[in-house]
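These are the residues of each chain, in order.
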Amino acid sequence: MAKRIDAVVIGAGHNGLVAAAYLARAHKRVVVLERAERAGGMLRGSEPAPGFRAPGLVHTVGRLRASVIRDLKLEGFGFAPVAPAVRMHAPMPDGSSVTFWGDPARTAEGLRARSAHDAEAFPGFDQRIRAIASFFAYVQVAIPPDPKSPSLTDAIMGLKLGKAFRDLGTRTGREAIRAVPMAVADLVQEVFDEEAVRGPLATRGVLYTAMGAWATGTAQVFLNDSAGTDGGAAGTAVFARGGTDALADALEASARALGVDVRTGVEVVGIRTRSSRTVGVALADGTELDAPLIVSAADPKRTLRLLDPTAIGPTMVWRGENVRQPGATARVNFALGGLPAFHGGDPERLAGRIVIGPSIDDVERAMDAVKYGRISEEPLLEVTIPSLTDPSAAPEGKHVMSVVFQAAPRELREGEWSNERDRVGEVTVKTLEAYAPGFGELVEAREVITPADMEERHGLTGGHVQHAEPALDQFFAWRPMLGEARYRFLMDGLYLCGSGAHPGGGITGGPGANAVRQILKDLKR
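Residues numbered from 1 in each chain as written. Predicted model: local features only at pLDDT ≥ 70, side-chain atom pairs only at ≥ 80, totals over all residues. Heavy atoms only, no water.

1. What about the side chain of H502?
Filter applied, for reference: Elements are defined by DSSP. Helices are runs of H or I of four residues or more, strands are runs of E of two residues or more, and each kind is numbered from the N terminus. Within 3.5 Å is the distance limit for a polar contact, defined as a pair of N or O atoms, with the added protein rule that one can donate a hydrogen and the other accept it, and that residues adjacent in sequence qualify only through two side-chain atoms. Contact criterion: two residues are considered in contact whenever any of their non-hydrogen atoms come within 4.5 Å of each other.
You can see H502 is positioned in the loop between β19 (494-496) and α17 (510-524). At 2.7 Å, the side chain of H502 forms a polar contact with the backbone oxygen of V139. In contact with H502, other than residues within four places in its own chain, are V139, Q140, A142, P144, F476, R479, Y487, P511 and N514.

The structure is reproduced here in structure tokens:
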């Protein structure tokens, strides 16, 4: 007789594996079902050419929760984080550059030749961002309240958040309240004089979104990106030795060691329900699995579409279909014959994130393309060269490069992505050539991953890497929508654990870990 399954997890991305592992630690029998042939989701990288190993859709892992690494013993399963001294290098069109280090004092010293004012201002700005982000770290761990039935647990959570906010102090607390709804452009330009400082910092508020630097709430994106890390104003630049695939392998191995049954090449086509409660899943091959608990790491819309619309009603279908998922990011990977000569860049400075966004206006114009449904001709780029921190990623003397390209909207006003793929690659080469002369001659091969590819390969509705736009109207108790933010989703027995749930996107493991805390509380009741 087959063993009873306590929970089915839909999707073996990083959050799905984290949720499955935590459920197994609580002595639940868990089956993970993954459509792809390998577990790992967007952590799974590719080979732009033989011998060159590129990372997944998100190329750094510095936001992965320390508690997840510790609880799941990931380092024992091969996860080895590498953190270079540099955080961000920003070459400028005039041949100069700005480098942001992990040490704020070193960053300030480098800024002094460009602007004495900005050099003096940077350490204080970095300290303020770290202080406000420390409060956001509490918010990320908190389970959002349920407005339909507030509980004692919600009250206790509110008191804890209130204490964390009070601990900021009067001045920093006031600054936090003011900063949250701000545009990231306002956040940086009121402190710094130089566009060469403002622009690169502003990119952190718009990366992997469809918003521009002047959009309301992008300061909140910036602050959330700093929460729970040692990133400060410049952000993190932490890589996984062996690439993001090594982290995927470690998460899968940890889950399996805890007894999780990970099944790949298995597509879920429906969530079965009875009397407003989940009872199992239906698979593409016609078979069914029974389980009282369904935990979906898929995005909110994809999860909703697995349900019978008559079971959830027209109002919830309408609300769910209006979750905003405007993907605007493409990825380009290069196999290079040598190290690019970026302005002001030596191997130490190029080992972190290389950002092409020389001013706030440049960042805003790059994202303007989203409004008009076109590919940006002067894009915002975030570049990493993983082979500088992990030589095994490329043949000796050569390098692999990973590029985040914005903006590239999923829905094009003219043309189809099948015909526009090469254009993204060409614009990327042209842009990099302006900041690293001779770049084009180093390219041995390139791979372009469009938003349409992301939707098809990874099941990301709208091609949105974060499952849902991280704007203020889809933040905390509103993520993915008000009344459905407590991980319980639409009906009894169904939970969200992916990036479409609080605290949102990025390689954090936060949604998966938080969801299981709520699930276990509900099971006790």
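So that's the structure; there's more coming.
2. Side note on the nonpolar core
Note the threshold: Within this scheme, the nonpolar core is defined by two criteria: the residues are buried Ala, Val, Leu, Ile, Met, Phe, Trp, Tyr or Cys, and they are joined through side-chain atoms within 4.5 Å. Three labels apply to residues, based on accessible area from a 1.4 Å probe with only protein chains included: buried if under 20% of the type maximum, exposed if over 50%, partly exposed otherwise in between.
L33, L74, F79, F125, L247 and V281 are the most contacted members of the largest nonpolar core, which totals 129 residues. The element contributing the most residues to this core is helix α4 (residues 116-141), with 9 residues. Core analysis: the second largest hydrophobic core is formed by 27 residues, A330, F342, L381 and Y435 among them.

3. Regarding the packing of helix α1 (residues 14-25) against α17
Counted only if it meets this: Every axis in this analysis is a line fitted to C-alpha atoms, fitted for helices over the stretch in contact. Angles between the N-to-C directions lie between 0 and 180 degrees. For any helix crossing, the convention is left-handed if the near helix is rotated counterclockwise from the far helix by under a right angle, and right-handed if that rotation is clockwise. Each residue gets one label: Ala, Val, Leu, Ile, Met, Phe, Trp, Tyr, Cys and Pro are nonpolar, Asp, Glu, Lys and Arg are charged, and the others, such as Gly, are polar.
Running from N to C, α1 and α17 cross one another at 35°; their axes reach a closest spacing of 7 Å. In the crossing of α1 with α17, the sense of the turn from one axis to the other is right-handed. Between α1 and α17, the residues in contact are N15, V18, A19, Y22 and L23 and G510, P511, G512, A513, V516, I519 and L520, respectively. Partitioning the contact of α1 with α17 into residue classes produces 9 nonpolar, 3 polar and no charged.

4. Looking at the environment of T99
By the secondary structure assignment, T99 is in strand β7 (residues 97-101). Sequence spacing of T99 and A335 is 236 residues, and the spatial spacing of their C-alpha atoms is 25 Å. Beyond its immediate stretch of four places on either side in the chain, T99 contacts V86, M88, H89, T107 and R349. There is a polar contact of 2.8 Å between the side chain of T99 and the side chain of R349.

5. Re the sheet that holds strand β13 (residues 293-296)
Our working rule: Note on pairing: DSSP must find at least two bridges between two strands before they are called paired.
Taken in spatial order, the 5 strands line up as β9-β2-β1-β13-β19 in an open sheet, and their pairing is parallel. Both edges of this open sheet fall to β9 (261-264) and β19, since each of them pairs with a single strand only. Pairwise comparison of adjacent strand axes, ignoring direction, gives a mean angle of 20° for this sheet. Across 3 bridges, the pairing between β13 and β19 is parallel. Its bridge partner lying in β19, V295 is registered against Y495. Sheet strands touched by α1: β1 (7-10), β2 (30-34), β9 and β13. Its angle to β2, the strand with the most contacts, is close to 170°. On top of the sheet, α17 reaches β13 and β19; it is set at about 155° to β19, its chief contact.

6. A short note on the environment of Y138
Take Y138: it is sitting in helix α4. For the pair Y138 and A237, spaced 99 residues apart in the sequence, the C-alpha separation amounts to 22 Å. Excluding residues that lie within four positions of it along the chain, Y138 makes contacts with L161 and A164.

7. Description of the environment of E414
Take E414: it is sitting in the loop between β17 (399-406) and α14 (417-435). A C-alpha to C-alpha distance of 7.6 Å links E414 and G373, two positions 41 residues apart in sequence.

8. Examining the pairing of strand β14 (residues 329-336)
Where a strand is regular, its side chains alternate between the two sheet faces. In terms of burial, β14 is a largely internal element, 8 of the 8 residues being buried. Both faces of β14 are covered, namely the face carrying T329, R331, N333 and A335 and the face carrying A330, V332, F334 and L336. With 8 bridges joining them, β14 and β17 adopt antiparallel strand pairing. By the bridge assignment, T329 is partnered in β17 with Q406. In terms of strand pairing, β14 meets strand β18 (residues 443-449) through 6 bridges, oriented antiparallel. In the sheet register, N333 faces β18, and the bridge partner there is E447.

9. Things to note about unusual backbone geometry
For the peptide bond that leads from Q406 to A407, omega is 15°, which places it in the cis range. Relative to the elements of secondary structure, A407 occurs in the loop between β17 and α14. At S275, a residue that is not glycine, the phi angle is positive and equals roughly 55°. Along the polypeptide, S275 turns up in the loop between β10 (268-274) and β11 (277-283).

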